[in-house]
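Residue-level structural notes
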Amino acid sequence: FDFISDLPYYQDVDVSVPRMNARYDALIAPHADEIAGAKVLDLAAHDGRWCYAFAGAGAASVVGIEGRADMVQKFADFPEAEFAARVDLRVGDLFDGMQAEIDRGETYDIVSVFGILYHVMDHFRLFQMVRKLKPKLVIVDSEFLLRPGPIMMLISERTSNVLNAIPQYEGQERALKAVCSFKAMDMMAEALAYDIEWHDR
């Protein structure tokens with residue numbers, strides 16, 4: 001991600017390139033074999049940076065779903081590369097987008113849930129829908145509560161911040177979200193018959 005510091009959008013956004021590269025090393029690099037030739041779905045794709053990373057790592061195709069049209073437009077500023085053509089960024093609600101894929105009978109090898117789980121309320125619904133897409137691998141990068149029980153903490157956040165949740169209804173200024181604990185994530189995974197492997201960073 002060394003290139004992002006040269007992009008217009010990131011001139012006014014406080015983003016640490018070393019942190020992004022460290023996230024790449026933790027989220028993408030360990031799964032290089034699974035990503036090579038895979039069909040990937042990236043939820044809440046922001047400006048397409050992780051779609052770009054998956055494609056660069058050898059994914060055959062990457063579909064990204066992002067709720068903010070202005071963020072999707074920023075993907076055009078990314079460096080031209082052969083693999084960028086394998087990225088299909090779509091504007092829309094991630095639940096609506098997943099349902100459309102399910103209705104079409106689409107399946108994916110990998111689903112990425114990067115930086116969005118702690119901006120939604122419907123965690124279990126999200127993973128139920130992911131399961132219907134029949135991925136072999138689901139990669140989650142999120143914030144979790146350290147409390148020992150299977151709990152969720154409700155928080156509201158401003159929808160005007162592009163790093164926060166999109167409005168849950170038209171005109172909403174503050175969206176309600178839930179941050180779950182590790183144990184809550186374990187229980188959801190168990191209920192959906194997911195095998196789960198934790199990697200702390």
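Position numbers for residues start from 1 in each chain and track the written sequence from start to end. Totals for whole chains, interfaces and linings use all residues, but because this is a predicted model, local features are given only for residues with pLDDT of at least 70 and pairs of side-chain atoms are given and counted only at 80 or more. Excluded from the side-chain calculation are hydrogens and water; included are all heavy atoms of the structure.

On to the overall build of the protein, then. Across its full length, the protein holds eight helices and seven strands. Taking 17 Å as the expected radius of gyration for a compact globule of 201 residues, we find that the protein reaches 16 Å, a close match to that expectation. Taking the principal axes of its C-alpha atoms as reference, the protein extends roughly 45 × 40 × 35 Å. Across the 201 residues that make up the protein, the buried fraction comes to 43%. Note on contacts: a residue pair qualifies if any of its non-hydrogen atoms lie within 4.5 Å across the two residues. Counted over contacts in the protein with a minimum sequence separation of 6, partners at least 24 positions apart contribute 68%. Entry remark: accessible area of the protein is about 10600 Å², with carbon and sulfur atoms responsible for 50%. Put simply, DSSP marks the helices as runs of H or I at least four residues long and the strands as runs of E at least two long, and each gets a number from the N terminus on. This radius of gyration counts C-alpha atoms alone. The globule rule is 2.2 Å times how many residues there are, raised to the power 0.38. Burial classes: relative accessible area under 20% of the type maximum marks a residue as buried, over 50% as exposed, and values in between as partly exposed (1.4 Å probe, protein chains only). Throughout, the Shrake-Rupley method with a 1.4 Å probe supplies accessible areas, and for residues the shown protein chains are the sole cover considered.

Together, M121, L154 and L176 make up a nonpolar patch on the protein surface, roughly 250 Å² of accessible area in all. As for its placement among the helices and strands, L154 is situated in strand β6 (residues 152–158). The patch calculation keeps residues exceeding 30% relative accessible area without a salt bridge and links them within 9 Å when they carry like charges or within 5 Å when they are nonpolar (Val, Leu, Ile, Met, Phe, Trp, Tyr). One speaks of a salt bridge when a side-chain nitrogen belonging to Lys or Arg is within 4 Å of a carboxyl oxygen belonging to Asp or Glu.

To continue, consider helix α2 (residues 17–27). When α2 is considered as a whole, its buried residues turn out to be V17, M20, R23 and L27. End-on, the buried residues of α2 take up no more than an arc of 120 degrees, which puts them together on one face. Lining the buried residues of α2 we find α4 (49–56), β4 (110–114) and β5 (137–141). In this context, the arc is that of the directions from the helix axis out to the C-beta atoms.

This paragraph deals with the environment of H46. Looking at the secondary structure, you find H46 in the loop between β1 (39–43) and α4. In this structure H46 comes out as buried when scored by relative accessible area, which is 10%. A sequence separation of 21 residues divides H46 from G67, and the C-alpha atoms of the two residues are 8.0 Å apart. H46 has contacts with Y9, E66, M71, V72, V162 and L163, leaving out every residue within four places of it along the chain.

What follows is about the sheet that holds β5. Within a sheet, neighbouring strands are paired by backbone hydrogen bonds and run either parallel or antiparallel to one another. If DSSP finds at least two bridges between two strands, the strands pair. In spatial order, the strands read β3-β2-β1-β4-β5; together these five strands make up an open sheet with parallel pairing. Single-partner strands in this sheet number two, and they are β3 (87–91) and β5. On average, each strand axis in the sheet is tilted by 15 degrees relative to the strand beside it, whichever way the strands run. Judged from the five bridges that link them, β4 and β5 form a sheet pairing that is parallel. Bridging from a neighbouring strand, I110 pairs with L137 of β5. Helix α6 (residues 94–103) rests against β1, β2 (61–66) and β3 of the sheet, and its axis sits at about 140 degrees to β2. Under this scheme, a helix contributes an axis fitted over its contacting stretch, all axes are lines through C-alpha atoms, and angles between N-to-C directions fall in the 0 to 180 degree range.

The next thing to look at is the side chain of E66. Relative to the helices and strands, E66 is located in strand β2. For this analysis, a polar contact is any N or O atom pair within 3.5 Å, provided that within protein one partner can donate a hydrogen and the other can accept it, and provided that sequence-adjacent residues contribute only side-chain to side-chain pairs. Here the side chain of E66 touches A45 through a polar contact of 3.5 Å, landing on its backbone nitrogen. Contacts of E66, omitting those with residues within four sequence positions, involve A44, A45, H46, M71, V72, R90, V91 and G92.

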